[in-house]
Amino acid sequence: MTVWFAIAATAVGAYVVKLAGLLVPQGVLERPLVRRLAALLPVALLAALTAQQTFADGRALVLDARAAGLAAAAVALVLRAPFLLVIAATVVVTAGVRAMTG
């Protein structure tokens, strides 16, 4: 029963958030600060998700092959490599570190 309550509460919460977004006056959305925050928010959320998935394992902080792959991706991006090359470098480095560390 508690699972269905959680599902219903999540559905209602998602609807309320979407409705609140639709009720925001147009003048508020046209402010420069709001526009800038709206442009930067997805980048910040993606960075936080990447950091959490790379450096966390449950409640522990870990440095493993995922961190090496992320570092390889960062280097490839700094060198302005094409996107597929960035992904390939990440995969190769991560697999290589996992193969070496067992």
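Residues numbered from 1 in each chain as written. Predicted model: local features only at pLDDT ≥ 70, side-chain atom pairs only at ≥ 80, totals over all residues. Heavy atoms only, no water.

## Describing the overall build of the protein
The condition is simple: Working definition: helices are DSSP H or I runs of at least four residues, strands are E runs of at least two. Numbering for both runs from the N terminus. Radius of gyration here is computed from C-alpha atoms only, and the compact-globule reference equals 2.2 Å multiplied by the residue count raised to the power 0.38. Burial classification: accessible surface area is computed with a 1.4 Å probe over protein chains only, and a residue below 20% of its type maximum counts as buried, one above 50% as exposed, and the rest as partly exposed. Residues count as neighbours in contact if any of their non-hydrogen atoms are within 4.5 Å of one another. All accessible-area figures derive from a Shrake-Rupley calculation using a 1.4 Å probe, and residue coverage is judged against the displayed protein chains alone.
In terms of helices and strands, the protein carries five helices and two strands. Taken over the C-alpha trace, the protein has a radius of gyration of 20 Å; the compact-globule value for 102 residues is 13 Å, which it surpasses by more than 25%. Projected onto its principal axes, the C-alpha coordinates of the protein cover approximately 55 × 45 × 25 Å. In the protein, which comprises 102 residues, the share counted as buried stands at 9%. Put simply, of all contacts in the protein between residues at least 6 apart along the chain, 27% involve residues at least 24 apart. For the protein, the accessible area works out to roughly 8,500 Å², and carbon and sulfur atoms hold 75% of it.

## Remarks on the pattern of salt bridges
For the record, the criterion: Throughout this description, the term salt bridge denotes a Lys or Arg side-chain nitrogen within 4 Å of a carboxyl oxygen of Asp or Glu.
Under the counting rule described, the total for this entry stands at one salt bridge. With its nearest N and O atoms 3.3 Å apart, the salt bridge here joins Asp64 to Arg66.

## A few points about the packing of helix H3 (residues 32-55) against helix H4 (residues 65-78)
Here is the rule we go by: In this analysis an axis means a line fitted to C-alpha atoms, helices contributing only their contacting stretch, and an angle means the value between N-to-C directions, from 0 to 180 degrees. Should an angle fall under 35 degrees it is taken as roughly parallel, and over 145 as roughly antiparallel, whereas 65 to 115 is taken as roughly perpendicular and any remaining angle as oblique. In this classification, Asp, Glu, Lys and Arg are treated as charged, Ala, Val, Leu, Ile, Met, Phe, Trp, Tyr, Cys and Pro as nonpolar, and every other residue, Gly included, as polar.
Running from amino to carboxyl end, H3 crosses H4 at an angle of 140 degrees, the nearest separation of the two axes being 8 Å. Classified by the interaxial angle, the pair formed by H3 and H4 is oblique. Where H3 approaches H4, its residues Thr50, Gln53, Thr54 and Phe55 are matched on the opposing element by Arg66, Ala67 and Leu70. Here the residues of the contact of H3 with H4 sort into three nonpolar, three polar and one charged.

## A few points about the packing of H4 against helix H5 (residues 83-101)
Stated formally: Crossings are classed by handedness, with left-handed meaning an anticlockwise turn of the near helix from the far one by less than a right angle and right-handed meaning a clockwise turn.
The contact between H4 and H5 brings their axes to 8 Å, and the two run at 150 degrees. The pairing of H4 with H5 is recorded here as roughly antiparallel in orientation. For the crossing formed where H4 meets H5, the hand is right-handed. Contact with H4, carried on its side by Ala65, Arg66, Ala68, Gly69, Ala72, Ala73, Ala76 and Leu77, involves Val86, Ala89, Thr90, Val93, Thr94, Val97 and Arg98 of H5 and no other residues of that element. Across the contact of H4 with H5, the residue classes break down as 10 nonpolar, three polar and two charged.

## As for the side chain of Thr94
Looking at where Thr94 falls in the secondary structure, it is placed in helix H5. Discounting chain neighbours no more than four positions away, the residues touching Thr94 are Ala65, Arg66 and Gly69.

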